[in-house]
Amino acid sequence: MRVTLLGTGDTTGTPTVGCDCDTCTAARERGLERTRFSVHVENERTGEALLVDASPDFRYQFLRDEVPLPDAAIITHVHFDHLDGLGNVFRLVDTLEVLAADETDPETGQSVAETVAEDYHYLDAVAVHPTTPLELTRVCGFDVTLVPVDHPPLVCYGLTIEEPETGAKLSITGDTSYAIPEPSREALADPDLLLADAIVPAHLCSYHPAGGRHEDAEGTPRTFGRKHMTREGALSLAEELNASEVRLVHVAHYYPADEAFEEPLAVDGEEYVL
C-alpha cells in the first residue's frame with residue numbers, strides 16, 4: 001500500500017490564517033505546511049484508493065499531491081475538519097462509498113454514519129455504509145477495522161488498514177486522548193506505520209484550562225486537556241503498540257518553532273510504501 005499524508009495539521013492548520021507566530025513564519029519560510037487532517041491510501045494491487053477523513057482542504061490537497069481520486073472514504077468523526085471535504089466529490093466521482101461507524105452517539109443522538117448521510121443527502125455520489133466498530137470490513141482490497149477511541153464529547157474512531165496479501169498494516173489513532181480502550185489498543189498493535197494524534201508537546205499542558213491528564217511515571221502528561229494526545233503521549237502509545245514506524249499528526253502551530261519540525265512530527269506530502 002502507498003500511504004500519502006495529505007493533511008497533518010489540526011483544526012486551523014499550519015501556517016494558520018492571519019498568524020505570524022514564529023512557527024507559522026518558519027513554516028512559510030521553509031515552504032512546509034500542515035493542512036487539515038486527511039490520509040490517502042492507494043492499493044497498487046487493485047488500482048483503488050481509500051481516503052481517511054475528508055479535509056476541508058480536499059481540493060488543494062489532491063491538486064498538490066497529484067494522488068488518484070478516492071474510490072471509498074472513511075469518516076472517523078463529525079468534527080468539520082474531518083468531514084467537510086466530502087462536498088468536494090460533487091462532479092468528481094460517480095459513487096463514493098463512505099464508511100462510518102453505526103454506533104449511536106449519546107451527544108448527538110445519531111451515529112457518525114447517520115450524520116454523514118444527513119449532512120450530504122444532496123450528493124448522489126455519496127453512498128454511506130454504516131460500519132460496526134471492531135468488525136473487519138473489506139474495502140478497496142484492504143481489510144479495514146474501525147476502533148473506538150476517546151475524544152469527548154463526541155464518539156470518535158481510529159482504524160487499521162491491512163493489505164491481506166502482504167500483511168502490511170497501517171494504524172491511525174484518530175483524534176484521541178491517551179485513554180484508548182484496551183480492545184482498540186489490541187487492534188491497533190504491531191503496525192508497520194502508526195499515525196498518532198500529537199497536538200502539542202506536554203510542556204504546553206500548563207496553558208490548557210483543563211491542564212494535562214494521564215501522566216506517566218515521571219509526571220509527564222500524555223493527554224492535552226481531554227481530547228488529544230501530547231507528543232509524549234503519542235510516543236508512549238507507539239512504544240506500547242510496538243509500531244515499526246511512527247509519524248505524529250494533527251499537529252498544532254502551538255509547537256515552539258524550534259520543536260515544530262523535529263522528527264517524528266509529520267508534514268504534508270510525506271509518502272510511505274508498506
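What counts, and where the lines are drawn
- Residues numbered from 1 in each chain as written.
- Predicted model: local features only at pLDDT ≥ 70, side-chain atom pairs only at ≥ 80, totals over all residues.
- Heavy atoms only, no water.
- Helix = DSSP H or I, 4+ residues; strand = E, 2+ residues; numbered from the N terminus.
- Buried < 20%, exposed > 50% of the residue type's maximum accessible area, 1.4 Å probe, protein only.
- Contact = heavy atoms within 4.5 Å.
- Areas by Shrake-Rupley, 256 points an atom, 1.4 Å probe, with all protein chains shown as cover.
- Arc of directions from axis to C-beta.
- Phe/Tyr/Trp six-rings, centres within 6.5 Å; stacked < 30°, edge-to-face > 60°.
- Lys NZ or Arg CZ within 6 Å of the ring centre and 35° of its normal.
- Core = buried A, V, L, I, M, F, W, Y, C linked by side-chain atoms within 4.5 Å.

1. Concerning the overall build of the protein chain
Per the secondary structure count, the protein chain includes 6 helices and 16 strands. If you line up the protein chain on its principal axes, its C-alpha atoms span 50 × 40 × 40 Å. Residue burial in the protein chain is summarised as follows: out of 274 residues, 56% are buried. Sequence separation of at least 24 residues holds for 64% of the intrachain contacts in the protein chain that already meet a minimum separation of 6. Carbon and sulfur atoms provide 46% of the accessible area of the protein chain, an area that totals close to 11,400 Å².

2. Some details on helix α6 (residues 231-240)
Looking only at α6, the buried set comprises Arg 231, Gly 233, Ala 234, Leu 237 and Ala 238. Summarising the axial view, the buried residues of α6 lie within an arc of 165 degrees, below the 170-degree limit, and thus occupy one face. Buried residues along α6 sit against α5 (182-188), β11 (193-197), β14 (228-229) and β15 (246-249). Looking one or two residues past α6, Asn 242 carries a phi angle of roughly 60 degrees, positive in sign.

3. A look at the packing of aromatic side chains
Under the definition given, this model contains 2 aromatic pairs. Relative to Tyr 122, the ring of Tyr 120 lies with its centre 6.1 Å away and its plane at 40 degrees, an arrangement referred to as tilted. Classification of Tyr 120 by relative accessible area gives buried; the value is 7%. The lysine or arginine in question, Arg 185, covers the ring of Tyr 178, its NZ or CZ lying 4.7 Å from the ring centre.

4. Structural notes on helix α2 (residues 58-65)
When α2 is considered as a whole, its buried residues turn out to be Phe 58, Gln 61 and Phe 62. Viewed end-on, α2 has its buried residues packed into an arc of 95 degrees, placing them on one side of the element. Facing away from the buried side of α2, by more than 90 degrees, are the exposed residues Arg 59 and Leu 63. Those residues of α2 that are buried are in contact with β1 (2-7), β2 (38-43) and β3 (48-52). The positive-phi residue at the C-terminal boundary of α2 is Glu 66, with phi of around 55 degrees.

5. Focus on the nonpolar core
For soluble globular proteins, the rule of thumb is that nonpolar side chains tend to be buried together. Ranked by internal contacts, the top residues of the largest apolar core, which has 50 residues, are Val 3, Val 39, Leu 50, Leu 86, Ile 161 and Leu 170. Discounting residues that sit within four places of it in the chain, Leu 86 has contacts with Ala 54, Ile 75, Leu 96, Val 98, Val 116, Tyr 120 and Leu 123. Listed in part, the 25 residues of the second largest apolar core include Val 147, Leu 194, Ala 196 and Leu 241.

In short, shape yes, function no, at least from these values alone.
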